[in-house]
Amino acid sequence: MGLFGSPAKVYKPAAEVDLAPDSDEHYISPNVRAPRVAGLLVKLLAWVLEMPVVGWIVLSVLKRDNLVYKLVSDAEIPEPPLFTSTHTWQEIAEQNVRLTKPGLSPAERVQEAVVCLPGHLPEPAAALADDPAAGFRRWTVRDFHRAYSSGKTTPVMVARRFLAAVKECSGPDLNMALFISCDAGDVMRQAEDSTRRYQQGAPLSAMDGVLVAVKDELDCLPYPTTGGTRWLGAARRCEADAACVAQLRACGAVMAGKANMHELGAGTSGINPHHGSTRNPYCLARVSGGSSGGSAAAVCAGLCPVALGADGGGSVRMPAALCGVVGFKPTAGRLSNSGLLPLNWTVGMPGILAATVEDALIAYAAIVDQGKPSPLQPQLNLPLLTCTRSMPNIRLAKYAKWFDDSCEDIRSLCGKALQMLRAQYGWETVEVTVPEIEEMRLAHYVTMGSECTASLAKYLDNMSNSEIGWDVRIGLSAYQSFSSRDYLNAQRLRCRQMYFHDKIFETADAIVTPMTGVTAYPLQDDALGTGELDYINGAALVRYSIAGNFLGLPAITVPVGFDRGGLPVGLQFVGRPWSEATLLHLAYAMQEACVARERHRKPKVHFDLLPRDEK
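The shown structure was predicted, so the numbers you read here are calculated from the model rather than taken from an experiment. (Residues numbered from 1 in each chain as written. Predicted model: local features only at pLDDT ≥ 70, side-chain atom pairs only at ≥ 80, totals over all residues. Heavy atoms only, no water.)

Moving on, we come to the pattern of salt bridges. Enumeration according to the criterion identifies 28 salt bridges in this entry. E439 is the partner of K9 in a salt bridge, and the nearest nitrogen-oxygen pair spans 2.7 Å. In this pair, K9 sits in the segment before β1 (37–38) while E439 sits in helix α16 (residues 437–460), placing the two residues 430 residues apart along the sequence. Notably, a salt bridge pairs R496 with E79, separated by 2.8 Å at the nearest N-O pair. Linking R496 in helix α18 (residues 484–504) with E79 in the loop between α3 (68–73) and β2 (97–99), this pair joins segments that are 417 residues apart in sequence. (Salt bridge = Lys/Arg side-chain N within 4 Å of Asp/Glu carboxyl O. Helix = DSSP H or I, 4+ residues; strand = E, 2+ residues; numbered from the N terminus.)

Structural data, given as structure tokens:
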């Protein structure tokens with residue numbers, strides 16, 4: 001029995017839950033009634049929650065209202081806890097793939113990925129001229145490599161334009177807050193090295209000289225890793241590149257600086273009171289999403305074709321959708337977590353933001369971790385995107401009640417996207433029930449919060465709360481209230497969800513959903529200095545992202561159009577463990593179908609680093 005007599009849920013065994021489309025399992029939309037809180041009210045709430053007795057009482061009421069007690073803390077759950085989302089090797093018969101040899105270098109894997117790609121796309125006309133009728137295509141990794149190899153431009157020339165663009169973005173007119181740190185001298189040194197390699201006819205890979213932004217949750221020399229704070233960079237010394245960063249360097253990529261993020265990854269808006277709030281290039285008055293908002297916005301604005309993020313609860317995929325770019329989170333364990341801030345041990349991992357699916361594939365090939373023995377994970381398959389159209393018998397699982405729990409424009413665009421896949425590829429959408437969606441969201445929240453406070457305890461115990469943003473102080477107060485029973489029950493729910501998804505993947509290649517329940521919402525001035533608590537929009541933004549992290553499943557989002565206000569909408573595919581190649585095929589098919597249907601729209605803020613005379 002929960003606090004104040006709230007009855008706790010009694011779960012039947014997972015094997016008895018009906019997953020059929022006509023199941024009587026009850027779908028619970030997020031139970032969020034709290035008004036938006038910002039400015040002085042955020043400060044007041046933070047002060048109240050940090051009071052020894054009053055804070056505990058207020059937190060108890062809040063946890064009761066959002067069903068944490070009923071669905072997680074006091075629930076009776078028959079399954080044992082599952083403490084890790086990593087997956088052992090599984091035999092997956094993926095279609096149209098290229099098996100890479102073990103032991104290849106990152107640069108060699110990039111070359112393997114390039115072989116899998118179709119021919120070059122048409123020149124991105126609207127990127128070179130302000131003619132909306134000409135269409136718009138973002139510059140890609142291959143565009144830069146082709147321009148460098150032909151001698152039409154050099155990495156040094158592009159780096160100079162990049163630095164000028166960063167300066168313009170950071171100025172008072174735009175104030176986009178895309179980067180926390182950007183060392184011009186370091187960027188130019190890398191670009192000069194790359195230029196010399198091209199002049200000698202010996203680039204390291206197709207990534208050589210390509211700019212890559214790095215979320216400030218990953219170690220990247222010579223920068224401190226702040227996690228979006230004012231203090232963590234000094235408390236935790238950065239001594240080496242994260243594994244993903246080191247692999248990109250080995251391919252010749254130019255590390256462009258540390259991209260802005262929501263403080264400690266503890267929010268979905270990208271509002272950061274210390275380093276500025278990242279603005280959406282499609283509309284500067286809108287949020288970019290979080291917590292990898294700086295990475296997503298940098299790709300969207302044309303500053304780089306690829307960026308690294310980190311995804312603990314949709315933190316790569318959700319801002320990618322809001323900014324109209326591709327967001328890719330592989331299977332847990334597929335990428336190394338070395339050099340990633342350990343904010344969420346069992347749910348967080350690096351991820352990729354990219355201009356196109358092809359660029360996501362190239363970056364994925366570069367940073368995949370092949371250091372584990374084969375019994376722990378299968379060998380690396382890369383999708384032959386040249387053969388995507390010949391893939392028959394793809395089945396996409398859709399849970400209608402969940403799929404439709406989004407705003408009208410998103411629901412309509414994502415529904416039309418599935419119709420296009422059926423019409424152009426013959427791929428079938430099958431109705432299923434994905435049980436206990438809201439229960440999973442709350443269990444993930446308990447897990448993420450518990451792991452975050454445990455990870456940061458050695459720092460938080462020795463510092464003043466005044467160093468932390470007001471909204472994050474409220475989040476940490478909630479995280480610290482979770483008990484060992486809360487955490488254990490969350491892992492029991494994790495075990496149930498793993499069972500449900502395994503059963504669904506017995507008959508479907510992927511689960512398809514919208515990426516977010518709403519498009520980018522307005523950035524309010526009263527939140528810029530304090531952060532905000534917008535639980536309604538926050539719950540809508542993460543509505544479809546949790547399984548990828550809580551269960552360690554691969555997931556990708558791809559743009560499928562724009563709402564009536566001109567804001568991007570993303571569609572998500574969630575796959576079986578280790579099925580990255582299949583997901584990239586699906587995303588590529590979706591990308592091509594959307595290009596055929598309508599022209600992409602150019603963001604209001606977009607920089608062309610490859611001008612017309614250098615194409």
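Glancing now at the packing of helix α1 (residues 40–49) against helix α17 (residues 470–480). Across the interface, α1 lies against α17 with an axial gap of 9 Å and an inter-helix angle of 30°. Taken together, the axes of α1 and α17 lie roughly parallel to each other. For the pair α1 and α17, the crossing hand works out as left-handed. Contact residues: α1 offers V42, K43, L45, A46, W47 and L49, while α17 offers W470, D471, R473, I474 and S477. A per-class count over the contact of α1 with α17 returns 7 nonpolar, 1 polar and 3 charged. (Axes fitted to C-alpha atoms, helices over the stretch in contact; angles between N-to-C directions. Parallel < 35°, antiparallel > 145°, perpendicular 65-115°, else oblique. Left-handed = near helix turned anticlockwise from the far one by under 90°. Contact = heavy atoms within 4.5 Å. Nonpolar A, V, L, I, M, F, W, Y, C, P; charged D, E, K, R; others polar.)

Here helix α2 (residues 54–65) contains 12 residues, and its C-alpha end-to-end distance of 17 Å stays within 8% of the 16 Å for a straight helix at 1.5 Å per residue. Residues of α2 that are buried: G55, L59, S60 and K63. Down the axis of α2, the buried side of the element spans an arc of 135°, and every buried residue falls inside it. Following α2 by one or two positions, L67 has its phi on the positive side, about 75°. (Expected span 1.5 Å × (residues − 1). Buried < 20%, exposed > 50% of the residue type's maximum accessible area, 1.4 Å probe, protein only. Arc of directions from axis to C-beta.)

Below, the discussion takes up the pairing of strand β8 (residues 306–311). Burial of β8 is extensive: 6 of the 6 residues sit out of reach of the surface. Burial along β8 is two-sided: the face carrying V306, L308 and A310 and the face carrying A307, G309 and D311 are both buried. Pairing analysis gives 6 bridges linking β8 to strand β10 (residues 349–354), with the strands arranged antiparallel. By the bridge assignment, L308 is partnered in β10 with I352. (Pairing = 2+ DSSP bridges.)

Our next topic: the packing of aromatic side chains. To describe a pair of aromatic rings, one takes the distance between the centres and the angle between the planes. Counting across every chain of the model gives 14 aromatic pairs. Note on W231 and Y459: the rings are 6.1 Å apart at their centroids and 50° apart in plane angle, and the pair reads as tilted. In this pair, W231 is assigned in the loop between β4 (211–215) and α9 (232–235) and Y459 in helix α16, connecting sequence segments 228 residues apart. In this structure, W231 and Y459 share a single accessibility class: buried. Measuring from centroid to centroid gives 5.4 Å for F328 and Y364, while their planes differ by 70°, and the two rings are edge-to-face. One end of the pair, F328, is in strand β9 (residues 326–329); the other, Y364, is in helix α13 (residues 357–367), with 36 residues separating them in the sequence. Taken as a pair, F328 and Y364 share a single burial class, namely buried. Site record: aromatic cluster; members linked through ring pairs are F144, Y148 and Y198. (Phe/Tyr/Trp six-rings, centres within 6.5 Å; stacked < 30°, edge-to-face > 60°.)

What follows concerns a nonpolar patch on the surface. A cluster of nonpolar side chains, L41, L44 and W47, forms an exposed patch at the surface whose accessible area comes to about 330 Å². Topologically, L44 is positioned in helix α1. On the basis of relative accessible area, L44 is assigned to the partly exposed category, the value being 46%. (Patch = residues over 30% accessible without salt bridge, like charges linked within 9 Å, V, L, I, M, F, W, Y side chains within 5 Å. Areas by Shrake-Rupley, 256 points an atom, 1.4 Å probe, with all protein chains shown as cover.)

Okay, the confidence of the model for the chain next. Low pLDDT marks regions whose predicted coordinates should not be analysed in detail. Looking at the chain, pLDDT values average 93 and 94% of them are 70 or higher. This stretch, residues 124–130, has a pLDDT under 50; its non-local contacts, to residues over four places away or in other chains, come to 22 contacts. (pLDDT = per-residue confidence, 0-100.)

Attention now goes to the pairing of strand β12 (residues 395–398). Relative to strand β13 (residues 428–431), β12 is paired through 4 bridges, and the arrangement is parallel. Its bridge partner lying in β13, L396 is registered against T429. With 2 bridges joining them, β12 and strand β14 (residues 510–514) adopt parallel strand pairing. Residue pairing for β14: A397 is matched across the bridge by I511.

Attention now moves to the sheet that holds strand β5 (residues 254–259). Pairing is mixed across the open sheet formed by 11 strands, whose spatial order is β3-β5-β4-β8-β10-β9-β16-β17-β14-β12-β13. Two strands close off the open sheet at either side, each with one partner strand: β3 (179–181) and β13. Across the sheet, the mean angle from the axis of one strand to that of its neighbour is 35°, orientation sign disregarded. Sheet strands touched by helix α8 (residues 184–199): β4 and β5. Its angle to β5, the strand with the most contacts, is close to 160°.

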